[in-house]
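Below, each chain spelled out in residue letters.
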Amino acid sequence: MDTLTGMKRTDYCGNFTAEQIGQEVTVYGWAQRQRDLGNLIFIDLRDRTGILQLSFNDATDREIFAKAQSVRSEYVLAATGTLQKRESVNKELKTGEIELAVTDLRVLSKAQTPPFEIANADKVGDETTLKYRYLHLRNERLTRNLLMRHKIAKIAREYFYGHDFVEIETPMLIKSTPEGARDYVVPSRVHKGKFYALPQSPQIYKQLCMIAGLDRYIQLARCFRDEDLRADRQPEFTQIDLEMSFVDCEDIMQMAEGFIQTLMAQTVSVDIAAPLPRMTYADAMARYGSDKPDLRIDLTCKNVSALFENSEFEALRGQTVKMVDITDCALTRKQIEKLLTDCEVQSGSKAYWFKVDENGQLAGGIAKFVAPVEAELGKIIDLKPGTLVLATAGQYATKSVGVLIKTFGAACENHFDKERYEFCWIVDFPMYEIGDESGELEFCHNPFSMPNGGMDILLKAERGEIDPLDIYANQYDLVCNGVELSSGAVRNHDPEIMIKAFELVRLGEEDVKKKFPAMYNAFCYGAPPHAGIAPGVDRMVMLLAGESSIREIIPFPMNKNAQDVMMSAPSEVTQKQLDELHIAIVKPQD
């Protein structure tokens with residue numbers, strides 16, 4: 001095998017241009033393809049920036065030519081030569097006008113035949129590409145995604161450093177706390193029968209940083225949640241974690257908007273106007289059936305429950321009924337039925353349809369049940385010829401209509417401007433909700449958020465003067481193209497208000513002290529007003545890279561069963577390790 005002795009890289013393969021023709025350069029990389037045409041050999045040399053064609057001909061030293069003949073896919077090469085103009089230009093490559101006439105070629109490492117062709121890895125199943133992830137990452141698209149990830153991290157640090165933020169690392173082994181998802185727990189060897197948890201977020205620690213006087217905190221934080229996976233979720237993820245003292249929600253939203261403007265300009269060359277639009281949670285749910293609406297889709301829903309109180313159709317009668325009208329819809333009956341089936345799988349709720357035909361008559365689906373209220377319905381939604389109307393009813397009508405809008409909107413090009421980036425803030429989230437399982441009042445989102453109205457609004461709820469479900473939290477979500485990029489809140493920094501907020505969900509002062517001892521104690525020693533937000537790196541990369549799955553923008557993701565098939569994790573451990581941790585494995589009964 002050859003060595004690098006005496007060879008130093010001039011630049012990366014994808015960075016050379018036609019202006020450098022005639023220069024002698026040295027490049028390193030992997031052989032993506034070798035083409036032996038007899039008296040001509042071409043090798044496509046690939047590195048993280050792109051491909052440069054290496055050229056060998058009758059004028060090439062015979063030893064070098066023979067070595068080029070021996071090169072196979074994924075060999076690691078170093079090459080020195082002179083840049084020259086290609087006879088046949090490849091407009092699909094950045095370096096398609098030039099090639100390297102090689103005078104020295106070294107094979108630094110040979111490779112077995114890979115289990116899939118790197119350039120066509122997208123055609124291979126996930127289990128294979130995840131098992132050989134280090135090979136898949138050589139693929140141009142995945143390499144580009146990781147470079148986008150790096151660029152976002154770099155832009156974030158530069159932007160927030162420029163606004164006097166201090167980067168602070170917080171612990172990875174923490175106390176398990178009652179947050180939204182399950183914790184990943186880590187047994188302690190030293191403290192028998194006790195466990196650490198991996199952080200779902202650095203929430204408590206970053207607030208403690210504010211109490212410590214470090215008034216502008218940033219961290220690219222790794223977070224862990226033991227929950228079911230989906231296209232935009234992995235067990236571990238990264239967020240740009242921020243916290244600021246002596247601010248209100250306007251200050252932190254403006255700071256976040258400045259970052260978004262900088263990010264979009266430097267990554268995809270898109271100018272974003274600020275301030276960003278704002279929409280209340282209630283309005284988003286009423287109009288779009290979602291608290292993360294995709295505003296590239298121009299469809300909205302209408303509540304038409306009053307028209308169907310006495311409907312002959314049992315599924316609509318006396319229910320919450322919501323409809324979505326799609327004008328100039330060219331979908332066929334078969335396509336409509338297929339999309340409705342897909343929506344039912346996602347929402348768990350059946351939806352219905354009817355159309356207005358070219359003669360202005362209601363047809364198809366549930367048309368005969370809608371006909372008796374056609375005149376009244378026409379005052380609410382547009383029933384012109386060519387309109388498709390989707391309907392859903394019942395307890396989960398709002399969730400169902402959100403899925404309908406997203407699914408059918410994406411299928412109707414005249415209602416979906418795919419190329420835009422549409423940002424908005426969702427504000428005024430409910431502080432409390434009725435739990436699906438408990439049937440009792442619970443926190444809706446972050447329990448440490450300041451309620452709008454402070455102590456006064458909580459006391460009114462306690463006295464029964466208002467419904468606790470009408471209390472709003474000072475929370476805000478940043479949404480783009482139907483993706484929640486970030487969530488944040490003005491924090492509840494007053495211990496008395498915190499205790500009162502918890503009392504409404506049947507937790508007293510002692511409960512709060514027990515569950516959040518460090519937080520509660522710290523707040524008793526002078527906590528400044530503070531607020532935070534945490535843009536998700538993974539979802540931002542996914543959005544800007546145009547990917548539909550978060551796995552495509554994470555270097556080493558897990559599969560849908562939370563397994564790392566490359567490293568065979570999770571795995572069993574030795575009995576000695578279990579004994580040291582005082583753990584016994586109880587196998588399930590057959």
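In this text, all values refer to a predicted model and were calculated from it rather than measured experimentally. (Residues numbered from 1 in each chain as written. Predicted model: local features only at pLDDT ≥ 70, side-chain atom pairs only at ≥ 80, totals over all residues. Heavy atoms only, no water.)

Trainee: Could you clarify how one ought to interpret the overall build of the protein in this entry?
Mentor: Check the secondary structure of the protein and you find 17 helices and 22 strands. Expressed along its principal axes, the backbone C-alpha trace of the protein runs to roughly 90 × 75 × 60 Å. Going through the 590 residues of the protein one by one, you find that 48% of them count as buried. Relative to all contacts within the protein whose residues are 6 or more apart in sequence, the contacts with residues 24 or more apart total 67%. With 68 positive and 88 negative side-chain charges, the protein shows a separation of 5 Å between the mean positions of the two kinds. (Helix = DSSP H or I, 4+ residues; strand = E, 2+ residues; numbered from the N terminus. Buried < 20%, exposed > 50% of the residue type's maximum accessible area, 1.4 Å probe, protein only. Contact = heavy atoms within 4.5 Å. Lys, Arg positive; Asp, Glu negative; His and termini not counted. Charge placed at Lys NZ, Arg CZ, Asp CG, Glu CD.)

Trainee: Looking at this model, I keep getting lost on the environment of lysine 131. Mind explaining?
Mentor: Looking at the secondary structure, you find lysine 131 in helix 2 (residues 126–131). For lysine 131, a relative accessible area of 44% puts it in the partly exposed group. On a C-alpha basis, the gap between lysine 131 and leucine 83 in space is 38 Å, while along the polypeptide they are 48 residues apart. Once you skip the residues sitting within four places of it in the chain, lysine 131 turns out to touch Val565 and Met566.

Trainee: It is not clear to me how the packing of aromatic side chains should be interpreted in this structure. Could you clarify?
Mentor: Aromatic rings considered in pairs are described by the distance between their centres and by the relative angle of their planes. Counted by the stated rule, this structure contains 14 aromatic pairs. Where tyrosine 159 meets phenylalanine 259, the ring centres are 5.8 Å apart and the plane angle is 50°; that geometry is what we call tilted. Placement of the pair is tyrosine 159 in helix 4 (residues 140–161) and phenylalanine 259 in helix 6 (residues 249–267), with a sequence separation of 100 residues. Taken together, the ring pairs in this structure connect Tyr432, Phe443, Phe448, Phe502 and Phe516 into an aromatic cluster. The lysine or arginine in question, arginine 62, covers the ring of phenylalanine 65, its NZ or CZ lying 4.4 Å from the ring centre. (Phe/Tyr/Trp six-rings, centres within 6.5 Å; stacked < 30°, edge-to-face > 60°. Lys NZ or Arg CZ within 6 Å of the ring centre and 35° of its normal.)

Trainee: Mind showing me how you'd approach the pattern of salt bridges here?
Mentor: In total, this model carries 33 salt bridges according to the counting rule given. Note that aspartate 44 and arginine 33 form a salt bridge whose closest N and O atoms lie 3.6 Å from each other. One end of the pair, aspartate 44, is in strand 2 (residues 41–47); the other, arginine 33, is in strand 1 (residues 24–36), and eleven residues separate them in sequence. When its relative accessible area of 9% is taken as the criterion, aspartate 44 is described as buried. Here glutamate 74 makes a salt bridge to arginine 138, at a shortest N to O gap of 2.8 Å. Of this pair, glutamate 74 sits in the loop between helix 1 (62–70) and strand 4 (76–85) while arginine 138 is found in the loop between helix 3 (133–136) and helix 4, placing the two residues 64 residues apart along the sequence. Taken together, the salt bridges that share partners define one network made up of Asp122, Arg141, Glu547 and Glu552. (Salt bridge = Lys/Arg side-chain N within 4 Å of Asp/Glu carboxyl O.)

Trainee: Teacher, can you tell me more about the sheet that holds strand 15 (residues 362–363) here?
Mentor: Hydrogen bonding along the main chain pairs the strands of a sheet, whether they run parallel or antiparallel. One open sheet accounts for five strands, arranged 12-13-16-14-15; its pairing is antiparallel. What marks the edges here is a single partner per strand, and that holds for strand 12 (301–303) and strand 15. Two elements, strand 14 (residues 351–356) and strand 15, share two bridges in a ladder whose sense is antiparallel. Looking at strand 15, one finds that valine 356 is bridged to leucine 362. (Pairing = 2+ DSSP bridges.)

Trainee: Got a minute to help me understand the pairing of strand 1 in this structure?
Mentor: A regular strand places its side chains so that they alternate between the two faces of the sheet. Pairing of strand 1 with strand 4, which is carried by seven bridges, proceeds in the antiparallel orientation. Bridge assignment links valine 25 to a residue of strand 4, and that residue is glycine 81. Examined bridge by bridge, strand 1 and strand 2 share six bridges and lie antiparallel to one another. Of the residues in strand 2, the one forming a bridge with alanine 31 is leucine 45. Linking two consecutive strands that pair antiparallel, namely strand 1 and strand 2, is a turn of four residues; a positive phi of about 95° is found at glycine 38 within it.

Trainee: I would appreciate a short explanation of the side chain of threonine 238 in the present structure.
Mentor: Note on placement: threonine 238 falls in strand 10 (residues 236–245). Within polar-contact distance, the side chain of threonine 238 engages the side chain of arginine 149 at 3.4 Å. Leave out the neighbours within four places in its chain, and threonine 238 touches Arg149, Leu220, Ala221, Arg222, Gly536, Val537 and Asp538. (Polar contact = N/O pair within 3.5 Å; in protein donor to acceptor, adjacent residues only side chain to side chain.)

Trainee: Which parts of the structure should I look at to understand unusual backbone geometry?
Mentor: Among all residues except glycine, the phi angle is most often negative; among peptide bonds, the trans geometry is most common. The amide bond that connects alanine 274 to the next residue, proline 275, takes the cis arrangement and shows omega of 0°. The step from alanine 569 to proline 570 runs through a cis peptide bond, and the omega angle for that step is 0°. Examined against the element boundaries, proline 570 turns out to sit in the loop between helix 16 (537–545) and helix 17 (575–580). Here alanine 562, not a glycine, exhibits a phi torsion of approximately 60°, which is positive. Among the residues examined, alanine 562 registers a relative accessible area of 25% and is labelled partly exposed. For serine 568, which is not glycine, the phi dihedral falls at a positive 55°.

Trainee: What am I meant to see in the packing of helix 8 (residues 333–347) against helix 11 (residues 397–411) here?
Mentor: When two helices pack together, their arrangement is given by the angle between the helix axes and by the axis-to-axis distance. Two elements in contact, helix 8 and helix 11, have axes whose closest approach is 9 Å; the angle formed by their N-to-C orientations is 140°. Judged by the angle between their axes, helix 8 and helix 11 are oblique. The handedness of the crossing between helix 8 and helix 11 comes out as right-handed. On helix 11, the residues touching Ile336, Leu339, Leu340, Cys343, Gln346 and Ser347 of helix 8 are Lys399, Ser400, Val403, Leu404, Thr407, Phe408 and Ala411. Looking at the contact of helix 8 with helix 11 residue by residue, the classes come out as eight nonpolar, four polar and one charged. (Axes fitted to C-alpha atoms, helices over the stretch in contact; angles between N-to-C directions. Parallel < 35°, antiparallel > 145°, perpendicular 65-115°, else oblique. Left-handed = near helix turned anticlockwise from the far one by under 90°. Nonpolar A, V, L, I, M, F, W, Y, C, P; charged D, E, K, R; others polar.)

Trainee: Could you clarify how one ought to interpret the state of the cysteines in this entry?
Mentor: As used here, a disulfide is simply a covalent bond connecting the sulfur atoms of two cysteines. Summed over all chains, the structure comprises zero disulfides. No disulfide involves cysteine 223; its nearest neighbouring cysteine sulfur is the one of cysteine 209, lying 14 Å away. Judged by its relative accessible area of 0%, cysteine 223 is buried. Among the cysteines around cysteine 412, which has no disulfide bond, cysteine 329 carries the closest sulfur, lying 4.3 Å off. (Disulfide = S-S within 2.5 Å.)

Trainee: Before we go on, may I ask you to explain the nonpolar core in this structure?
Mentor: Nonpolar side chains tend toward joint burial in soluble globular proteins. With 72 residues, the main nonpolar core has Phe160, Ile240, Phe259, Phe423, Trp425, Tyr432 and Tyr476 as its most contacted residues. Ignoring anything within four residues of it in the chain, the contact list for phenylalanine 259 reads Ile155, Ala156, Tyr159, Phe160, Ile240 and Met540. In this structure, Phe16, Leu54, Ile64 and Val71 belong to the second largest nonpolar core, which totals 24 residues. (Core = buried A, V, L, I, M, F, W, Y, C linked by side-chain atoms within 4.5 Å.)

Trainee: How should the environment of tyrosine 217 be read in this particular structure?
Mentor: Along the polypeptide, tyrosine 217 turns up in strand 9 (residues 216–224). Under the relative-accessibility criterion, tyrosine 217 is labelled buried at 0%. Look past the residues within four positions of tyrosine 217 in its chain and what remains in contact with it is Phe165, Val166, Ile168, Thr170, Pro202, Lys206, Cys209, Met210, Asp241, Leu242 and Glu243. A polar contact is formed between the side chain of tyrosine 217 and the side chain of glutamine 219, at a distance of 2.8 Å.

Trainee: I tried to follow helix 8 on my own but got confused; where do I start?
Mentor: Since one α-helical turn is 3.6 residues long, residues separated by three or four positions face the same way. Helix length check: helix 8 (15 residues) gives 21 Å between terminal C-alpha atoms against 21 Å at 1.5 Å per residue, within 8%. Those residues of helix 8 that fall on the buried side of the exposure criterion are Ile336, Leu339, Leu340, Cys343 and Ser347. All buried residues of helix 8 project into a common sector of 105° when viewed along the axis, lining one side. The exposed set on the far side of helix 8, more than 90 degrees from its buried face, consists of Lys334 and Val345. Of the surrounding elements, those touching the buried residues of helix 8 are strand 14, strand 16 (388–393) and helix 11. After helix 8 finishes, the residue glycine 348 shows a positive phi value of roughly 75°. (Expected span 1.5 Å × (residues − 1). Arc of directions from axis to C-beta.)

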